[in-house]
Amino acid sequence: MLHYPKRIELAALPTPIRPAQRLSDLLGVELLWKRDDLTGATLSGNKVRKLEFLVAEALDAGADTLVTCGGEQSNHCRATAIVAAEQGLRSFLLLRTENPRQPPASEANILLDRLVGAEIRWISHEEYRRRAELFVEVESALRAAGRRPYLIPEGGSTALGAWGYIRCVEELAVQLPQGEPATLVYAAGSGGTGAGLILGVKLLGLNFRVVGVNVCDDRDYFVRAIGSLVEEAIRRFALPVAFVRSEIEIVDGYVGAGYAKSQPAELARLRDVARLEGIVLDPVYTGKAFYGLFTELQRDRHRFGSRIVFIHTGGVFGLFPKSAELAPLLG
Ligand SMILES: Cc1ncc(COP(=O)(O)O)c(C=O)c1O
């Protein structure tokens, strides 16, 4: 029995696990979808699991505004803005864009951010690199205005947020045949999902391997990012597990044209999965991670063992800004 920190219920849990029947036949492995895209409708994807713990802490601290940051089409920022509205709080988003003086159109995640009333400050890539300083600035400006901000780092990836994916592993332990090995494959963006999965497998003593496919930066970056989150969680919550960073498995090589930039082959794979399985991946995270998994399995179908669970972490709204790129692939 795990002792979870305080959480509030935001996600529709447990999410289902389903066989990827036709892809399994095609690839010669048993492939399953863990449908974390079904944690909700607009409040959907992996971020909701993390927010259950983070928002519980925010409410306990008496916060009235959730402050966070991300790329212009951030799923995490959208989920934070929606949960804020659900809880009667306000949200303040620092969104990274090419030219903050000409913000992008209000489509997809941005449309939802604005619909639920998020305050948005557009920032450049250079400012985003100084986001820790900007957080301090925003925090003091909000406090000076009599507000009570709660700061959520990029992607909700903190030691507390990682509990969301410890909980996901607990669900998987019930959903998968007991004691049999499986490899959990996920998209790594800011590291919190990976950290939670690794911790969950250790805490529950399961025969699961955890493999991330990075969608930005590189392997070394994620070994550091995930490693420090795991270590921080072990310290902060006195978790009885041993961990060394060399255990972190990252499959690098699928960032492609760069974060949130798509290549036709990735989009074609995403289309094929949609047509074959009725599963809609997103172009920024799950589409790239799945493209990586598929390509690796074509090279060596034994690489990840005989049972693979792909954690579908959501992100469907990221498809809409790609409609022009997708159109020529749709026949
Ligand atoms: C749809 C989706 N999948 C995966 C990720 C990556 O998760 P994490 O940031 O926990 O590494 C994100 C966010 O970054 C996301 O929005």
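Residues numbered from 1 in each chain as written. Predicted model: local features only at pLDDT ≥ 70, side-chain atom pairs only at ≥ 80, totals over all residues. Heavy atoms only, no water.

1. Some words on the side chain of K322
Spelled out, the test is: Helix and strand definitions here come from DSSP, where helices need a minimum of 4 consecutive H or I residues and strands a minimum of 2 consecutive E residues; each element is numbered from the N-terminal end. Any pair of residues with heavy atoms lying within 4.5 Å of one another is described as a contacting pair.
Along the polypeptide, K322 turns up in the loop between β10 (307–312) and α12 (323–326). Discounting chain neighbours no more than four positions away, the residues touching K322 are A260, K261, S262 and P283.

2. Comments concerning the pairing of strand β3 (residues 65–71)
This is how it is decided: Note on classification: 1.4 Å probe, protein chains only; a residue is buried when its accessible area is under 20% of the maximum for its type, exposed when over 50%, partly exposed between these limits. We call two strands paired when DSSP finds no fewer than two bridges between them. Clockwise travel from the first strand over the helix to the second, with the strands pointing away from the viewer, marks a crossover as right-handed.
Burial analysis of β3 places seven of its seven residues in the buried class, the great majority of the element. When β3 meets strand β4 (residues 90–96), the two strands line up parallel, connected through seven bridges. Considered in β4, the bridge of C69 is made with L94. Of the crossover connections in this fold, the one passing from β3 over helix α3 (residues 75–86) to the parallel β4 is right-handed. Both β3 and strand β6 (residues 149–152) contribute to a ladder of four bridges, which runs parallel. Among the inter-strand pairings, T65 is bridged to a residue of β6, identified as P149.

3. A look at the site of the ligand
As a reminder of what qualifies: When at least one non-hydrogen atom of a residue lies within 4 Å of a molecule or strand, that residue is treated as near it. Polar contacts here mean pairs of N or O atoms no more than 3.5 Å apart (in protein, one a potential hydrogen donor and the other a potential acceptor; neighbouring residues in sequence count only if both atoms are side-chain atoms). Accessible surface area values rest on a Shrake-Rupley calculation with a 1.4 Å probe, where residue burial reflects the displayed protein chains alone. Any residue that is not Ala, Val, Leu, Ile, Met, Phe, Trp, Tyr, Cys, Pro, Asp, Glu, Lys or Arg is counted as polar, Gly included; the first ten are nonpolar and the last four charged.
Close to the ligand lie 16 residues, the nearest being K47, K50, S190, T193 and T313. One nitrogen or oxygen atom from the side chain of S190 is found 2.5 Å from an oxygen atom belonging to the ligand. A distance of 2.6 Å separates a nitrogen atom of the ligand from a polar side-chain atom of T313. For the ligand, the protein covers 97% of the area, taking 390 Å² as the surface of the free molecule. Each residue belonging to the shell around the ligand can be placed in one class, and the counts come to three nonpolar, 11 polar and two charged.

4. Re the pairing of β10
Summarising burial for β10: six of the six residues are buried, a large majority. Every second residue of β10 is oriented toward a common face, with R307, V309 and I311 on one face and I308, F310 and H312 on the other, all of them buried. Two strands pair when backbone bridges link them, and strand β2 (residues 30–35) and β10 are joined in this way by six bridges, in the parallel orientation. Residue pairing for β10: L31 is matched across the bridge by I308.

5. Overview of the environment of D217
Note on placement: D217 falls in the loop between β8 (208–214) and α9 (219–236). Counting along the chain gives 85 residues from D217 to H302, while the straight-line C-alpha distance between them is 27 Å. In this structure D217 touches F222, D252 and V255, once residues within four positions along its chain are discounted.

6. Observations concerning unusual backbone geometry
Between L13 and the following residue, P14, the backbone shows a cis peptide bond with an omega angle of -5 degrees. Tracing the backbone through its elements, the reader meets P14 in the segment before β1 (17–19). Not every positive phi belongs to a glycine, and A108 is a case in point at roughly 55 degrees. Position of A108 among the secondary structure elements: in the loop between β4 and α4 (109–115). The backbone of A260 shows a phi angle near 70 degrees, a positive value even though the residue is not glycine. For A260, the position within the fold is in the loop between β9 (249–251) and α10 (264–277).

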